[in-house]
Amino acid sequence: MNLSLFLTIYISSLIFLMVFHIIFLGLWYLGLVSRMAEKKPEMLTIIQNCAVISIACCVFYSHCGNRTVSRDKSIDRRTASWIVFSLWTKHDDNTLISRLLRMHKFKEQICSSWFAPVGSASDYPLLSKWAIYGELSSNGSGSSNEISPVYSFWATFMGLYIANYVVERSTGWALTHPLTISEYEKLKKQLKPDFEDMVPWYSGTSTDLFKTVFDLMISVTLFVGRFDMRMMQAAMNKTPDEANSHGLLYDHLDGKDELWFDFIADTGDGGNSTYAVARLLAQPSLVIKSDDSRLTFPRGQLLLIGGDLAYPNPSSFSYERRFFCPFEYALQPPAWYKPEHIALEKPELPLGVSELRRYRGPQCFMIPGNHDWFDGLNTFIRYICHKSWLGGWFLPQKKSYFALKLPNGWWVFGLDQALHGDIDVYQFKFFAELCQQKVGESDSVIVITHEPNWLLDWYWGDSTGTNVAYLIREYLRGRCKLRMAGDLHHYMRHSCIESKEPVHVQHLLVNGCGGAFLHPTHVFENFRVFYGNKYETKSTYPSYNDSSKIALGNILKFRRKNWQFDVIGGFVYFVLVFSMFPQCDSFRISHEDSWAGRINGFFSAMWNAVFEILERSYVSLGGVVTLLMVSFFFVPTKLSRRRRVLLGFLHAAAHLTSAVLLMLLMELAIEICIRNHLLATSGYHTLYEWYRKVESEHFPDPTGLRARLEHWTFGLYPACIKYLMSAFDIPEVMAVTRSTICRKGIESLPRGGAIIYYVSVFLYFWVLSTPVVSLVFGSYLYLCINWFHIHFDEAFSSLRIANYKAFTRFHIKKNGDLEVFTLAVDKVPKDWMLDPDWDMEPKQPLQMSYTRKFPSKWRAASGLDPINAVRIVDRFVIPRTPSSPRTPSSPTTPGGSVR
């Protein structure tokens, strides 16, 4: 009854309010109400108000019914209140039954006095034909002259809504009384940052992911190898001698005695994780306890970012909301900064700074990753190469690759590998000439690429980065002390084992913990050899053991983390068993005498259903074939073809078995309900017919209001309620249609009836199957990542883990040694609040944010703040290369001769 009453009141309320708003807008058009009424109401607000009013009326009817009190037995409200209080405070009996009786009497008094009808038809003669009447409480049936309490309740709410709306729109009070400055400041302090959530990689409804796939296809087929933006950058270089180009080579940091700088990669996924890292980078200093001492780390004067700035694709929205926004909260840009500004001639130095070498604030250089290349590098060029500020970090960079000359003989090469994991010939030419003309024999070089091809090539059994390898082996010739990369969202460091072979790279470092979801480390546990040298693992974050345990979340949390996947999973399962509905003989399974026989019969029915799919069906067979193909191609090529076929078949078989199992359980449940006369007892409109019967008994209509409404709406008013109730009575519709199919066959149904049946079946089967498909798919990912070490991307992107974030801080000492510290936060806060220290610190109009003691706007609202939770997970030192007899001004050629 509550569902039927809810639908009736809801439709009536919706129609009533829409008519009211149309009339009110008409009055505004005639100039009879204030101009504030011009603003149209939101349809969602009307729908929400109608739903709330309908629920309130249903709750009232559930407790008080629709009974009225006859005039001769009515009592005044003051007397009723005294009686209620007396009943409630009476303590003559403490038994449970007496307490229940007192509660029931208390409720009866409340309903009969406080929520009594507003009057009778004689009290409101003009409205007597527009009211619904209640039933007499004396005998429990029949009609009365009293207005229905439910109707009075509904009319009261509608009147309040109309009065509130008219007053607000006619006077414009809320629009003409803005908040005071103090109230506005207080409200502003209560706000929280509007960070974006982690990207839902398994969302079946995300337009961003479909756009990402489309952009990737276009980029691979059009830009890479045909129209390469790196070639365009080389063609636009104004300096013929690239090695001396100020657009690619930056030496303004060379004159310092020492230098602190940072490295991160793979930012711009979840706002919480990206801001946590940016907040640590922005602090003037970090004090961290290590062993028995406390170490102080000054803020890096240089920030290096190793690509994949924003996910899932490079767009204005993703760059602004997922990348720039967290960094601007961590370290605000200058007061004169305008987000829409385009830098024409970089560097655009702040006022009072004559040259880049004299700028004292933090600076930033970055290379693009594969996600930044999905649109052909267009967004990266626009937001990085033609903007001057990333929050409070200055951006002198002009191209997508660069070289930095640092103090005490240290260099940084930032390489752009595009989408095929290698540098182009023009980029190779620039760095090769730089090695020959600028880099001294005793200098040390840090090479930054986006992809750690030493790990990925080992994992996939591939060989990429040919030009990079040739540059390191033949031109750097042992001067590459460190290779850094991101792409893999974890931290790993490998160091070369001493041997007699020439060492091309001493240390290999991966740190993609800048904000993106976590990647596993245990799948790369057996990496050992690169460029002919043997390496050993020095540090991993998280550890191999923790990484393996985290993968268990695919079984326990896959559906909770990826509920949008239900859109695809439930539909796929329905297609697999579409041709099997209905199973008219499913009840014979329960005819067996023993449980063993019933279980055996159930599995026999499953086996027969699978064979029927393969032999007779068309839609389901197409779904099975498609599932087999998708499962095969989903298995990574790391495995042999035989193993891919076997694993893909088992994966598809698990889904098919689950779908058939659920189909038989659902059919068996429906058949049991039909046999026990719980379903299919009448027709399609059973709920509506029952409601009309109850309505005529409990909501009498002596004036014929319902008949007039039906006549004035040309029958639409009862028809809408009738078919809406049929839509909510899906089990009955499904059972009646199923019985018809079992008796006469599917051919006996018209096309509309067949569509209604399959839609009804789909709705229930979809709800039943979505938890199972997520469990099967999550279990598959867990087994693959821990047993076969495959699907490292798919198995961890599903978890969307924002924790385990880290960055690497470097210190070039005065003696030329390079200290390397990796600082990490195990748990990223989910809630933030305005930092009172930041809010109370005096701010000058033109003050640069890097000069503030508290530069970040938000701090953790609960738990440990990243500043207090940060710890050191790895540290090592790369000593300065001893000076060689050969002079730095006489670099060698690849063949070893002096040019």
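Predicted model, so just to flag it, every value in this text is computed and none were measured. (Residues numbered from 1 in each chain as written. Predicted model: local features only at pLDDT ≥ 70, side-chain atom pairs only at ≥ 80, totals over all residues. Heavy atoms only, no water.)

1. Here we look at the overall build of the protein chain
Scanning the protein chain from terminus to terminus reveals 29 helices and 24 strands. Counting across all 899 residues of the protein chain, residues that qualify as buried make up 51%. Here the analysis covers contacts within the protein chain between residues at least 6 apart in sequence; of these, 81% occur between residues at least 24 apart. Taken as a whole, the protein chain presents about 43700 Å² of accessible surface, with 61% of it coming from carbon and sulfur. (Helix = DSSP H or I, 4+ residues; strand = E, 2+ residues; numbered from the N terminus. Buried < 20%, exposed > 50% of the residue type's maximum accessible area, 1.4 Å probe, protein only. Contact = heavy atoms within 4.5 Å. Areas by Shrake-Rupley, 256 points an atom, 1.4 Å probe, with all protein chains shown as cover.)

2. Comments concerning a positive patch on the surface
Residues K557, R560, K827 and K830 make up a contiguous surface patch of positive charge. Within the fold, K557 resides in helix α17 (residues 553-561). (Patch = residues over 30% accessible without salt bridge, like charges linked within 9 Å, V, L, I, M, F, W, Y side chains within 5 Å. Salt bridge = Lys/Arg side-chain N within 4 Å of Asp/Glu carboxyl O. Lys, Arg positive; Asp, Glu negative; His and termini not counted. Charge placed at Lys NZ, Arg CZ, Asp CG, Glu CD.)

3. Describing the pairing of strand β12 (residues 402-405)
Here strand β4 (residues 249-250) runs beside β12; their pairing, made up of two bridges, is parallel. Bridging from a neighbouring strand, Y250 pairs with L404 of β12. Across four bridges, β12 lies against strand β13 (residues 410-414) in antiparallel orientation. Looking at β13, one finds that L404 is bridged to V412. What sits between the antiparallel neighbours β12 and β13 is a turn of four residues, in which N408 has the positive phi angle 60°. (Pairing = 2+ DSSP bridges.)

4. Brief notes about the pattern of salt bridges
Per the counting criterion, the structure on display carries 17 salt bridges. D194 serves as the salt-bridge partner of R321, at 3.4 Å between the closest nitrogen and oxygen. Here D194 lies in the loop between α7 (181-190) and α8 (207-223) and R321 lies in helix α11 (residues 316-330), a separation of 127 residues in the sequence. A residue is classified by how much of its surface remains accessible, and D194, at 40% relative accessible area, is partly exposed. The residue R559 makes a salt bridge to D566 at a minimum N-O spacing of 3.0 Å. Several salt bridges converge on common partners, so that one network encompasses E667, E671, R675 and R738.

5. Quick notes on a nonpolar patch on the surface
A surface patch of nonpolar side chains, amounting to about 630 Å² of accessible area, comprises I15, V19, I23, L27, Y29 and L30. Within the secondary structure, L27 sits in helix α1 (residues 2-29).

6. Description of the sheet that holds β4
Strand order in the open sheet formed by nine strands is β4-β12-β13-β14-β15-β17-β16-β19-β18, and the pairing between neighbours is mixed. Either end of the sheet is taken by a strand with one partner, and the two such strands are β4 and β18 (529-530). Contacting β4, β12 and β13, helix α13 (residues 425-437) runs over the sheet at an angle of about 170° to β13. (Axes fitted to C-alpha atoms, helices over the stretch in contact; angles between N-to-C directions.)

7. Focus: the state of the cysteines
Counted by the stated rule, this structure contains one disulfide. A disulfide bridge connects C584 with C742, and the sulfur atoms are separated by 2.1 Å. Linking C584 and C742, the disulfide has an S-S dihedral of approximately -90° and is accordingly described as left-handed. Remark: C742 occurs in helix α25 (residues 730-744) and C584 occurs in the loop between α18 (566-576) and α19 (595-615); sequence separation between them is 158 residues. (Disulfide = S-S within 2.5 Å.)

8. Quick notes on the pairing of strand β19 (residues 533-541)
For a regular strand, the rule is simple: side chains alternate between the two faces of the sheet. Pairing geometry for strand β16 (residues 491-496) and β19, over six bridges, is antiparallel. The residue of β19 that forms the bridge with S495 is E536. Here β18 runs beside β19; their pairing, made up of two bridges, is antiparallel. Bridge pairing in β19 links V529 to K534. In this antiparallel pair of consecutive strands, β18 and β19, the connection spans two residues, and Y531 shows a positive phi of 55°.

9. Some points on the nonpolar core
Within the largest apolar cluster, 97 residues are counted, with the highest numbers of intra-cluster contacts made by F413, F581, V660, M663 and F765. Excluding its chain neighbours within four sequence positions, the residues that come into contact with M663 are V577, M580, F581, Q583, A609 and F765. In this structure, I264, L303, F323 and C385 belong to the second largest nonpolar core, which totals 49 residues. (Core = buried A, V, L, I, M, F, W, Y, C linked by side-chain atoms within 4.5 Å.)

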